[in-house]
Amino acid sequence: MQNYKKFLLAAAVSMAFSATAMAETLKMGIEAAYPPFNNKDASGNVVGFDKDIGDALCAKMKVEKCEVYVSDWDGIIPALNAKKFDFLVSSLSITDERKQAVDFTDPYYSNKLQFIAAKSIKDFKTDANYLKGKIIGAQRATLAGTYLEDKLPDTTAKLYDTQENAYLDLTSGRLDGMLADKYVQYEWLKSKDGSAYEFKGDPVVESDKIGIAVRKGDPLRERLNKALAEIKADGTYKKINDKYFPFSIE
């Protein structure tokens, strides 16, 4: 009888431990102001490519609850390192500078940087001579913003807290053009506000790799990489891709 009681106790402890392990909750960090990758719908819910990818990864990792934490872009990496969320899936370019602060997963999509400007500007060029003295918008703390400051020092780079605010200034005539991620621009150009604008020239950066960020040394990185490989292999990734784009961004 004594041994049987010990067996029951051990079984109960094991079941409790398993239930705790299965009841994992993870928080994903998202800017929610960068459509179609991340934004809010009319009801205030976070939606977009990044959100769908994050949900799919959580499902593959068998996470019971995957919560969303919205953060302003400027403070999104500090928020991750302050443990306000567990991983950051918000169209973050993998750069050497950011690698000093966080670890990245394998890329989950590839991007390009390209200029847009009004269709009425027929002679718009993307070389330094033409852009000298021009006012070009970009989002702050992005690859586009860094490109303008480093590669086009004679251009006035006007940087914004969100891409949406940059578009407001563009349509208000305060900017001569915009530099941003091609696939974000592609979405905006289809809108009513963007219909008077178009891509100008070829992409100036061809291979911008986008990754999911975790805190330095966090083993969650390997779990995310495994889940990412799985959703690419089973067709889940393609379904998400096709929901937003008529071409592959992988």
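Since this is a predicted model, take the numbers as computed values, not measurements.

What to know about the overall build of the protein
Point 1. Counting its secondary structure elements, the protein contains 10 helices and 11 strands.
Point 2. C-alpha extents for the protein along the principal axes are approximately 90 × 35 × 30 Å.
Point 3. Burial analysis of the protein (250 residues in total) assigns 44% to the buried set.
Point 4. In the protein, once contacts between residues fewer than 6 apart in sequence are set aside, the share between residues at least 24 apart is 68%.
Point 5. Charged side chains of the protein number 36 positive and 37 negative; the gap between the two group centres comes to 4 Å.

Here we look at the pattern of salt bridges
Point 1. Across all of its chains, the model carries 17 salt bridges by this definition.
Point 2. Measuring nitrogen to oxygen at the nearest pair gives 2.9 Å for the salt bridge that ties K243 to D52. Note that K243 is positioned in helix α10 (residues 236-244) and D52 in helix α2 (residues 49-60), a separation of 191 residues in sequence.
Point 3. Given a relative accessible area of 17%, D52 falls into the buried group.
Point 4. Note that K65 is salt-bridged to E67, the shortest N-O span being 3.3 Å.
Point 5. Each of K158, D169 and R174 takes part in one network of salt bridges that share partners.

Observations concerning the packing of aromatic side chains
Point 1. For the coordinates displayed, the defined rule picks out 20 aromatic pairs.
Point 2. Both rings, one in F49 and one in Y237, keep their centres 6.1 Å apart while their planes meet at 90 degrees; by these two values the pair is edge-to-face. Of the two residues, F49 is situated in helix α2 and Y237 in helix α10; the sequence distance between them amounts to 188 residues. For the residue pair F49 and Y237, the accessibility class agrees, reading buried in each case.
Point 3. The interplanar angle of 40 degrees and the centroid separation of 5.5 Å between the aromatic rings of Y69 and F85 together place this pair among those described as tilted. Linking Y69 in strand β4 (residues 65-70) with F85 in the loop between α3 (76-81) and β5 (87-93), this pair joins segments that are 16 residues apart in sequence.
Point 4. Assessed through its relative accessible area of 28%, Y69 is described here as partly exposed.

Things to note about the side chain of N225
Point 1. As for its placement among the helices and strands, N225 is situated in helix α9 (residues 220-233).
Point 2. Ignoring anything within four residues of it in the chain, the contact list for N225 reads T105 and D106.

Quick word on empty space enclosed by the protein
Point 1. Following the criterion strictly, the structure yields 1 cavity of 30 Å³ or more and no others.
Point 2. Quantified by volume, the largest cavity comes out at close to 130 Å³.
Point 3. Taken together, 16 residues form the lining of the largest cavity, with Y34, S91, T142, L143 and D181 sitting closest to its centre.
Point 4. Of all the elements in the fold, those that place two or more residues in the lining of the largest cavity are β5, α6 (143-151) and β10 (177-181).

Regarding the UniProt feature "domain: Solute-binding protein family 3/N-terminal" (unreviewed entry) in the protein
Point 1. Taken from the UniProt record, the annotation "domain: Solute-binding protein family 3/N-terminal" (unreviewed entry) applies to residues 25-248.
Point 2. As a span, residues 25-248 carries 33% helix and 31% strand, and end to end its C-alpha atoms are 31 Å apart.

Some words on the confidence of the model for the protein
Point 1. Looking at the protein, the pLDDT average stands at 93 and 91% of residues meet or exceed 70.
Point 2. pLDDT under 50 marks residues 4-8. Its contacts with residues more than four places away, or in other chains, come to 0 contacts.
Point 3. Every residue in residues 10-21 scores below 50 in pLDDT, and together they form 0 contacts with partners more than four places removed in sequence or on other chains.

Cut-offs and rules
Residue numbers here run from 1 along each chain, matching the order of that chain's written sequence. Only residues with pLDDT of 70 or above have their local features reported here, since the model is predicted, and side-chain atom pairs are shown and tallied only from 80 upward, although totals for entire chains, interfaces and linings are computed over all residues. Excluding hydrogens and water, the side-chain values take into account all heavy atoms of the structure. The helix and strand labels rest on DSSP assignments: H or I over at least four residues marks a helix, E over at least two residues marks a strand, and numbering proceeds from the N terminus. Between buried and exposed lies partly exposed: a residue is buried under 20% and exposed over 50% of the maximum accessible area for its type, with that area taken using a 1.4 Å probe on protein chains only. What makes two residues a contact is simply this: any of their non-hydrogen atoms within 4.5 Å. Positive charges come from Lys and Arg, negative ones from Asp and Glu, while His and the chain ends are left out of the count. Where a charge sits is defined by one atom per residue type, namely NZ (Lys), CZ (Arg), CG (Asp) or CD (Glu). What makes a salt bridge here is a side-chain nitrogen of Lys or Arg within 4 Å of a carboxyl oxygen of Asp or Glu, nothing more. For this analysis, a ring pair means two rings from Phe, Tyr or Trp (six-membered ring only for Trp) whose centres lie within 6.5 Å, classed as stacked if their planes differ by under 30 degrees, edge-to-face if by over 60, and tilted for the remaining angles. Cavities and pockets were defined on a 1 Å grid built from protein atoms only: a cavity is a group of points that admits a 1.4 Å probe but offers it no way out, a pocket is an open group of points flanked by protein on both sides within 12 Å along at least five of seven lines, and a lining residue is one with an atom within 4 Å of any such point. Grid points are joined across faces, edges and corners, and a volume is the space filled by probe spheres set on the points. UniProt positions are given in the numbering used here, feature names are shortened, and annotations may be inferred rather than shown by experiment. Within a predicted model, pLDDT stands for the predictor's per-residue confidence, ranging from 0 to 100.

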